[in-house]
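# What the coordinates show
One-letter residues, chain by chain:
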Amino acid sequence: MKVMALKEARASCIDLLLVIGFTSTLLNKSSIVEGKDEHTTLVSKFYEMKHCTDKKHHIRLSNVTFTAGRHGGNLASADVRYNKGLTSITRISALLNKCGTGPEHCEYFTTWRWDRDVCNMVLAKGMAWTPIVNAIKPSVHCPVQPGPYRIVNATVDWESFERLIPILKLEDQVFKIAFMLYNERKELSMCIQAIVGILRVRA
């Protein structure tokens, strides 16, 4: 019970920091990560990306590949089939499991949820997920139409995330992430799971 309470408290604290970070970004305030070498950058190392198989939803990924990116990271590409469109997005949920320095052993870390002005936030520029949204072809907007899509050379802007929550140590970590998106009827519409490492490298 004590362990569960500590995890819940940690999750609540991180959620609060995320809200503060978003507010600071909207007010055009910047955060500096203490001790960070300005000549380095954070890059992704994808171990896995697939659609969730333990939940009912409407997206399918196939032909997933990872190719070398800049500075030693890698980029994710995939064919996407979205079988049922949506009029609006009512919630985004990201379940994070922390895996230490490798993907073999993971434990619950936190869950982030957003349920206000979600579509505009998903499509906003300068967010951690902006490179993923930009990698989707054809471009997506609300309402989202069903049909075939292609993800080409997607990554995550961890530098943006680090600016939002400067005290959250991201480098040399591996996370197993389940990203879930809900439609106008609050039904699960998309669920994508990824295992990704975060490396700090020379820019």
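An account of the accompanying structure is given in this report. (Residues numbered from 1 in each chain as written. Predicted model: local features only at pLDDT ≥ 70, side-chain atom pairs only at ≥ 80, totals over all residues. Heavy atoms only, no water.)

Before going further, it helps to spend a moment on the layout of surface pockets. The space that makes up the second largest pocket amounts to roughly 260 Å³. Around the second largest pocket, the lining is made up of 13 residues, and of these Leu42, Val43, Arg70, His71 and Thr155 lie nearest the centre. For the lining of the second largest pocket, the element with the most residues is strand β1 (residues 40-51), which contributes four residues. Among the residues forming the lining of the second largest pocket, the class breakdown is five nonpolar, seven polar and one charged. (1 Å grid on protein atoms, 1.4 Å probe; cavity = no way out; pocket = protein on both sides within 12 Å on 5 of 7 lines; lining within 4 Å. Points joined across faces, edges and corners; volume = space filled by probe spheres on them. Helix = DSSP H or I, 4+ residues; strand = E, 2+ residues; numbered from the N terminus. Nonpolar A, V, L, I, M, F, W, Y, C, P; charged D, E, K, R; others polar.)

The tally for this structure, following the rule as stated, stands at three disulfides. With its sulfur 2.0 Å from that of its partner, Cys99 forms a disulfide with Cys106. Of note, the bridge from Cys99 to Cys106 carries an S-S torsion of about 100° and is right-handed in sense. Overall, the relative accessible area of 35% leaves Cys106 in the partly exposed class. Sequence-ordered numbering of the bonded cysteines in the protein gives a disulfide pattern of 1-6, 2-3, 4-5. (Disulfide = S-S within 2.5 Å. Buried < 20%, exposed > 50% of the residue type's maximum accessible area, 1.4 Å probe, protein only.)

Across a sheet, paired strands are connected by hydrogen bonds in the backbone, their directions being either parallel or antiparallel. On the basis of which strands lie adjacent, the open sheet formed by four strands has the order β2-β3-β7-β6 and antiparallel pairing. The sheet is open, and its two borders are formed by β2 (59-68) and β6 (136-137), each paired with just one other strand. Bridge count between strand β3 (residues 74-82) and strand β7 (residues 147-154): six bridges; the pairing is antiparallel. Within β7, the residue paired with Tyr82 across the bridge is Gly147. (Pairing = 2+ DSSP bridges.)

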